[in-house]
Amino acid sequence: MSKKPLILGIESSCDETAASLITENEQGIPVVLSNIISSQVEIHKEFGGVVPELAARSHIEKIDWIVKKAIDKSGRKIDDIDAIASTAGPGLIVCLSVGLSFGKAFANALNKPFIAVNHLEGHALSPKLNSKLNYPYLLLLISGGHTQFLNVQKLGKYKRLGTTIDDALGEAFDKTAKLLGIEFPGGPQIEILAKKGNPDRYDLPKPIFNKGGCNLSFAGLKTAILRISKNIKSDQEKFDLAASFQKTVLEILYKKTKIAFGEFEKQNNLKQKIFVVAGGVAANKDIRTMLNNLCNEENYQSVFPPVELCGDNAAMIAMVGLEKFKLKQFNNLDHPAKPRWALDEDAVFLKGAGVKL
Ligand code: KG4
Ligand code: ZN
């Protein structure tokens, strides 16, 4: 039996301190040995959003024992680790620096390779943690900071097909929740409230619905919610607005995903049509169901990470580490933290102002 790589992943780009050990079995399927996540939600709740200084302090306080816990839980020894992969961006620089510096120091002390990971690539590869996935695939990345359709051609090769021109989808969920008086982060609560409401009560705008290819926009939707929320008097109206918001999001995603399918098919000579949905918002069951139905209609195989791996975690960072380790794609210890780091770096300067990286 050959020795399979053992990778330590570390994540601290925003408000989760996380560490994970993964390896793979004889069939080459990844095996998550431990996946420890410490969320800072309680710290940031009273401020209605993530406070970078407080987030960084908390990462500094917790990183040592989170990594130790991940190693202990894995049942492996420190010396068995083959490489250390840390998130190097995008994210808050004061937060990134904690996990990145820790990972570099750890790699240096163990004399093992260091791998700098793009957090978005972690989300993009997260479904590989529980299903065998062949390239190329179409990825819809929906998180608190990003909303993009990407043609994933292979590890490290991404072509952007569409992006939000203003707010990210997770941001739209969180802002809607805030306007309805729900504590940060309210995204998951909207899904729960929507179940009690009438989705047809409010007619909300769908910006750039009939133009812009598979680009998306959510800012106008948020403004409409702001206007309506001022006149809300009952809980039922609140539930109805949450339901109407979510219905509008589903309609936007349905239409834009269909357009993205067409673009993806034009760019690739496909034997198999695969659609992957990843990022925190991919935990939303109504979105999963709608996109799964669309895939059935359009003959796509739909792939979702398990709900617990949709949000930020270190197993997905270790997953990228594992693939890069096998290709010997290592980084030097002077690799910087990159607060802005697009997956498709060649597209950065082409898109113009207003387009989120
Ligand atoms: O990927 P993630 O954990 O962090 C970033 O990299 O941004 O995504 C967090 C986002 C938040 O905006 C959160 O409200 C949203 O994902 N989210 C949801 C749900 N669960 C998390 N949005 C809608 N429905 C959910 N069930
Ligand atoms: Zn994320």
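Rules behind the numbers
- Numbering of residues begins from 1 in every chain and follows the order in which that chain's sequence is written.
- Chains carry letters from A onward and ligands carry numbers from 1 onward, assigned in written order.
- Restriction of local features to residues with pLDDT of at least 70 applies here, the model being predicted, together with a cutoff of 80 or more for giving and counting side-chain atom pairs; totals for whole chains, interfaces and linings are based on all residues.
- Hydrogens and water are ignored here; the side-chain numbers use all heavy atoms of the structure.
- Put simply, a residue is near a molecule or strand once any heavy atom of it comes within 4 Å of that molecule or strand.
- Polar contact is the term for a pair of N or O atoms within 3.5 Å; when the atoms are in protein, one must be able to donate a hydrogen and the other to accept it, and sequence-neighboring residues count only if both atoms are side-chain atoms.
- Only the protein chains shown count as covering a residue, and every accessible area follows the Shrake-Rupley method with a 1.4 Å probe.
- Secondary structure is summarised from DSSP: a helix means a run of H or I of at least four residues, a strand means a run of E of at least two, and numbering begins at the N terminus for each.
- Three residue categories are used. Nonpolar comprises Ala, Val, Leu, Ile, Met, Phe, Trp, Tyr, Cys and Pro, charged comprises Asp, Glu, Lys and Arg, and polar comprises the others, including Gly.
- Domain ranges listed in this record stem from an automatic or a database domain assignment.
- The donor definition counts N, O and S atoms within 2.8 Å of each metal and applies 3.2 Å to Na, K and Ca; water is not among these atoms, so some sites may look incomplete.
- Geometry is assigned from donor-metal-donor angles: four donors are tetrahedral when every angle falls between 85 and 135 degrees, four are square planar and six octahedral when opposite donors sit over 155 degrees apart with all other angles between 65 and 115, and any other arrangement is irregular.
- Partly exposed describes any residue whose relative accessible area lies between the buried limit of under 20% and the exposed limit of over 50%, with all areas from a 1.4 Å probe on protein chains only and scaled to the type maximum.
- In what follows, residue pairs with any heavy atoms lying within 4.5 Å of each other are defined as contacts.
- Angles shown run from 0 to 180 degrees and are taken between the N-to-C directions of axes, each axis being a line fitted to C-alpha atoms and, for helices, limited to the stretch in contact.
- Note on convention: near helix rotated counterclockwise from far helix by under a right angle means a left-handed crossing. Clockwise means right-handed.
- Note on pairing: two strands pair once DSSP finds at least 2 bridges between them.
- Any Lys or Arg side-chain nitrogen found within 4 Å of a carboxyl oxygen on Asp or Glu counts as a salt bridge.
- Put simply, two rings from Phe, Tyr or Trp (the six-membered ring, in Trp's case) pair if the centres are within 6.5 Å, and we call them stacked under 30 degrees between planes, edge-to-face over 60, tilted for the rest.
- Either the NZ atom of lysine or the CZ atom of arginine qualifies as a charge over a ring when it sits within 6 Å of the ring centre and within 35 degrees of the ring normal.
- Note: buried area is the sum, over both parts, of the accessible area (probe 1.4 Å) each one loses when the two are combined.

### A short note on the site of ligand 1
Not every one of the 18 residues close to ligand 1 is listed here, only the nearest: G144, D174, E191, G280 and N284. Side-chain polar atom of H119 to an oxygen atom of ligand 1: 3.3 Å apart, as the coordinates give it. Contact distances for ligand 1 include 2.6 Å between an oxygen atom and a side-chain N or O atom of D174. When ligand 1 sits alone it has 560 Å² of accessible area, and the protein chains cover 84% of it. Looking at the shell around ligand 1, the elements that each hand over two or more residues are helix 4 (119-125), helix 5 (169-179) and helix 6 (187-194). Within the shell around ligand 1, the residues separate by chemical class into four nonpolar, 11 polar and three charged. The residues that make up the shell around ligand 1 include at least three from each of domain 1 (7-130 + 308-339) and domain 2 (137-304).

### Details of the coordination of the zinc ion (ligand 2)
The protein atoms that coordinate the zinc ion (ligand 2) are H119 (NE2), H123 (NE2) and D312 (OD), at distances of 2.1 Å. One can describe the donor arrangement at the zinc ion (ligand 2) as irregular, given that its four donor atoms subtend angles of 92 to 139° at the metal. Each donor residue of the zinc ion (ligand 2) belongs to the same chain, and together they define the spacing H-x3-H-x188-D. Note that H119 is positioned in helix 4 and D312 in the loop between strand 10 (301-303) and helix 10 (315-326), a separation of 193 residues in sequence. For the pair formed by H119 and D312, the shared burial category is buried.

### A word on helix 5
Because an α-helix completes one turn every 3.6 residues, residues spaced three or four positions apart along the sequence face the same direction. What helix 5 keeps buried is the set L169, G170, E171, A172, F173, T176 and A177. For helix 5, the elements touching its buried residues are strand 6 (137-142), strand 7 (147-154), helix 6, helix 7 (219-229), helix 8 (235-267) and helix 9 (285-298). Just past helix 5, the residue G181 takes up positive phi, approximately 80°.

### Brief notes about the packing of helix 8 against helix 9
Interhelical geometry of helix 8 versus helix 9 gives an angle of 35° and a closest axis separation of 10 Å. Crossing hand, helix 8 versus helix 9: right-handed. Contacts from Q246, V249, L250, L253, Y254, T257, K258 and F261 in helix 8 reach D286, I287, M290, L291, L294, C295, E297 and E298 in helix 9. Here the contact of helix 8 with helix 9 is built from residues that sort into 10 nonpolar, two polar and four charged.

### Focus on the sheet that holds strand 2 (residues 16-24)
The five strands lie next to each other as 3-2-1-4-5, forming an open sheet whose pairing is mixed. Every interior strand has two partners, whereas the edge strands, strand 3 (30-39) and strand 5 (114-118), have only one. Direction aside, neighbouring strands of the sheet carry axes that sit 20° apart on average. Of the strand pairs in this sheet, strand 2 and strand 3 are connected by nine bridges, and their pairing is antiparallel. Bridge pairing links E24 to P30 in strand 3. Its contacts with the sheet put helix 3 (residues 93-110) on strand 1 (7-11), strand 4 (83-89) and strand 5, and the angle it makes with strand 4 is roughly 155°.

### A short note on the pattern of salt bridges
Once the charged atoms of two side chains with opposite charge are near each other, the side chains can pair. Going through the model one piece at a time under the given rule, you end up with 21 salt bridges. Each of D167, E171, K175 and K222 takes part in one network of salt bridges that share partners.

### Here's the deal with the packing of aromatic side chains
One pass over the full model with this rule turns up six aromatic pairs. Plain terms: the ring middles of F261 and Y300 are 3.8 Å apart, the flat faces sit at 10° to each other, and that makes the pair stacked. On the criterion of sequence distance, the pair formed by F261 in helix 8 and Y300 in the loop between helix 9 and strand 10 is long-range, its members being 39 residues apart. Taken as a pair, F261 and Y300 share a single burial class, namely buried. Through a chain of ring-to-ring contacts, the aromatic side chains of F261, F275 and Y300 assemble into a single cluster. Across the ring face of F209, the terminal group of K206 is positioned such that the distance to the ring centre comes to 5.1 Å. Taking NZ or CZ as reference, K255 lies 4.6 Å from the ring centre of F209, over its face.

### Description of the domain arrangement of the chain
Segmentation of the chain into domains returns domain 1 (7-130 + 308-339) and domain 2 (137-304). Measuring from the centre of the C-alpha atoms in domain 1 to the corresponding centre in domain 2 gives 27 Å. At the junction of the two partners, domain 1 supplies 23 residues and domain 2 supplies 20 residues. Roughly 1600 Å² is buried in total at the junction of domain 1 and domain 2, and carbon and sulfur atoms are behind 71% of that figure.

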